[in-house]
Amino acid sequence: MNHEKVEKLRKNPFGKIIVKLGGKILRCFNLYKTHRKFRWMTKQMNMIDPAQDKRPKYWKKCGVDTTGNFRVGYGVYFDAGNASHIHIEDGVWITSRCLLLCHKRDLANYLVGDDINNMPYIIADIRIGKGVHIGMDTVIMPGVTIGDGAIIGAGSLVTKDIPSYTLAVGRPAKIVKEFPRCSEITPSVVSNNISI
């Protein structure tokens, strides 16, 4: 509102009320906008993905076999047509830009001169155990089982089963470390290990 209109409103008995309320409403709206912007900035600084809790619900609706207690980063693709072949247990964290495939071409009878598009598909289950962490940009192929507590390094291509509590990295993924059990660690080793 320009200055002349405000002065006209102030001369009117009801206009004074409108001017006072208008200022308060405007201040409230500006505070609301500032609060929303602050919340958004806080999420960005903490790298919180606002949809990470919603994605598992959509995956479950698509047919993925899970309890729903897992997290999914942005840009993760899964074989939606074969979603019932994906089995995910609790505590799994699938980070951004991963790909889970349940189908691949059957090349057993592929010969020179054949058209690859006419070859049938092999469909196989993917099983991801409790507490598994899958690093960014990882591809998981059909028929793979990842054991409980396993960690898959970023950029890996998982073509074979990964045992529980191991670290696998690379294309194709290979086991580079096996994590010890609590009973295998002596007190002196625990006190000397500052970080993992």
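Source: prediction; values computed, not measured. (Residues numbered from 1 in each chain as written. Predicted model: local features only at pLDDT ≥ 70, side-chain atom pairs only at ≥ 80, totals over all residues. Heavy atoms only, no water.)

Caption draft 1: Broad picture of the overall build of the protein. When helices and strands are tallied, the protein shows 4 helices and 16 strands. Looking at the 196 residues of the protein, the share that counts as buried comes to 27%. Pairs at least 24 residues apart make up 24% of the contacts formed inside the protein by residues separated by at least 6 positions. On the protein, roughly 13,800 Å² of surface is accessible, and the fraction owed to carbon and sulfur atoms is 59%. (Helix = DSSP H or I, 4+ residues; strand = E, 2+ residues; numbered from the N terminus. Buried < 20%, exposed > 50% of the residue type's maximum accessible area, 1.4 Å probe, protein only. Contact = heavy atoms within 4.5 Å. Areas by Shrake-Rupley, 256 points an atom, 1.4 Å probe, with all protein chains shown as cover.)

Caption draft 2: Seen up close, helix H3 (residues 55-62). Every buried residue belonging to H3 is among Arg 55, Pro 56 and Trp 59, and all of these are buried. The buried residues of H3 occupy an angular sector of 95 degrees when the element is viewed end-on, so they sit on one face. Counted as exposed and oriented over 90 degrees from the buried face of H3: Lys 57, Tyr 58 and Lys 61. Those residues of H3 that are buried are in contact with strand E2 (71-72), strand E3 (77-78), strand E4 (86-88) and strand E5 (93-94). Backbone geometry just after H3 places Gly 63 at a positive phi near 115 degrees. (Arc of directions from axis to C-beta.)

Caption draft 3: The arrangement of the environment of Cys 62 in detail. With respect to the secondary-structure elements, Cys 62 resides in helix H3. Along the sequence, Cys 62 and Ala 80 sit 18 residues apart, while their C-alpha atoms lie 6.7 Å from each other. When near neighbours in sequence (up to four residues on either side) are disregarded, Cys 62 contacts Phe 78, Ala 80 and Ala 83.

Caption draft 4: Structural detail: the side chain of Asp 79. For Asp 79, the position within the fold is in the loop between E3 and E4. No salt bridge is formed by the buried Asp 79, whose closest oppositely charged neighbour, Arg 105, lies at an N-O distance of 11 Å. Here the side chain of Asp 79 touches Cys 102 through a polar contact of 3.1 Å, landing on its backbone nitrogen. (Lys, Arg positive; Asp, Glu negative; His and termini not counted. Salt bridge = Lys/Arg side-chain N within 4 Å of Asp/Glu carboxyl O. Polar contact = N/O pair within 3.5 Å; in protein donor to acceptor, adjacent residues only side chain to side chain.)

Caption draft 5: Seen up close, the nonpolar core. With 27 residues, the main nonpolar core has Ile 94 and Ile 128 as its most contacted residues. For this core, the secondary-structure elements that each account for two or more residues are E4 and strand E9 (126-128). For Ile 128, the residues in contact, after removing those within four places along its chain, are His 87, Ile 88, Glu 89, Val 92, Ile 94, Leu 100, Ile 134, Ile 140 and Ile 146. (Core = buried A, V, L, I, M, F, W, Y, C linked by side-chain atoms within 4.5 Å.)

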